[in-house]
Amino acid sequence: HRPRRIRPVSTKTTARIVGLLYILIFVTAGFSEGFVRATLIVPGDAAATAANILASEGLFRLGVVSDLIAFSADAIVAVLLYVLLRPVNRTLALVAAALRLVAHPAIASINMLNQFMALQLLTGPEYTTVFSPEQLNALALLLLTAHGYGYLIGGIFFGVHLIVLGYLLYQSELFPAILGILVVLAAFGYLTESFTFLLVPAYESFASTVVLVTAVVGEIALALYLVVRGVRPQQPTTPEAA
């Protein structure tokens, strides 16, 4: 049998796939963080948090799965962005891909163990014979808090990734320079949030607002451009190409 020929995917199609995956990441990660955890976890109140999780165990599990979907999509995005941007600078494109793979598919996925182990403590009958309900609730909240700090650690790698990505977008002929600028602003938002929470937690609310604004503007602008336009139309550079 004659081997089947694999048709190469166009640059515009690749860009649109990245955009669609980016939107999937926004939806799934936003659902997990902005709805599930924001609804069920009560900061500083272990008993209320435990009661919420036990009353909505299915929702809590769905949040974990939703996050894992986002991280899986992010791994694909990292590779496809490398494919799009390696003509600008192969080394920096590889650095950007590596940082993104470390930030989300690696650190963030392993960090989900904190979520799952908190659920195991609250629902596993083998733990009730060793710990009191108060101790179980406190340990579960500790794991959930650790999950939050795991996100902040991953955010440092992701912020550096966005700096490199923004530079590559700025230099690329495939994308308008403003996208690179907006992505770099989003990078400083992530870095501000992570280092503020770790160094000066008194300003946590300010840092959360900064990252929310910069990430929404920068990353959603990039995602929408990728979906709607794909890449910028290229002008032929030679009479033969024309």
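No experiment lies behind these values; they were computed from the predicted model shown. The residue numbering used here restarts from 1 in each chain and proceeds along that chain's sequence as written. Totals for whole chains, interfaces and linings use all residues, but because this is a predicted model, local features are given only for residues with pLDDT of at least 70 and pairs of side-chain atoms are given and counted only at 80 or more. Excluding hydrogens and water, the side-chain values take into account all heavy atoms of the structure.

## Things to note about the environment of Asn-89
- Strands here mean DSSP runs of E at least two residues long; helices mean DSSP runs of H or I at least four residues long; both are numbered from the N terminus. Relative to the assigned elements, Asn-89 resides in the loop between helix H3 (57–85) and helix H4 (90–123).
- A sequence separation of 72 residues divides Asn-89 from His-161, and the C-alpha atoms of the two residues are 14 Å apart.
- By the criterion applied in these results, polar contacts are pairs of N or O atoms within 3.5 Å in which, for protein atoms, one can donate a hydrogen and the other can accept it, and in which residues neighboring in sequence qualify only through two side-chain atoms. A distance of 3.0 Å separates a polar side-chain atom of Asn-89 from the backbone nitrogen of Leu-92.

## Notes on the packing of H3 against helix H6 (residues 133–171)
- The convention used is that axes are lines fitted to C-alpha atoms, helices contributing only their stretch in contact, and that angles between N-to-C directions extend from 0 to 180 degrees. Two numbers describe how H3 lies on H6: the axes approach to 13 Å, and their chain directions differ by 20 degrees. With respect to H6, the element H3 is oriented roughly parallel. Note on packing geometry: the crossing formed by H3 with H6 is left-handed. Facing H3, whose interface residues are Phe-60, Asp-67, Phe-71, Leu-81 and Leu-85, H6 presents Leu-144, Tyr-151, Leu-165, Leu-168 and Leu-169.
- Taken together, the residues that form the contact of H3 with H6 break down as 9 nonpolar, no polar and 1 charged. Each angle is binned into one of four classes, with values under 35 degrees roughly parallel, values over 145 roughly antiparallel, values of 65 to 115 roughly perpendicular, and all other values oblique. By convention the crossing between two helices is left-handed if the near helix lies anticlockwise of the far one by an angle smaller than a right angle, and right-handed if it lies clockwise. For this analysis, residues touch if any pair of their heavy atoms sits within 4.5 Å. All residues other than Ala, Val, Leu, Ile, Met, Phe, Trp, Tyr, Cys, Pro, Asp, Glu, Lys and Arg, Gly among them, are scored as polar; the first ten of these are nonpolar and the last four charged.

## Description of the packing of helix H1 (residues 11–40) against H3
- The N-to-C vectors of H1 and H3 enclose an angle of 155 degrees; their axes lie 8 Å apart at closest approach. On the basis of their axis angle, the class for H1 and H3 is roughly antiparallel. Crossing of H1 over H3 shows left-handed handedness.
- Residue composition of the contact of H1 with H3, by class: 23 nonpolar, 6 polar and 3 charged.

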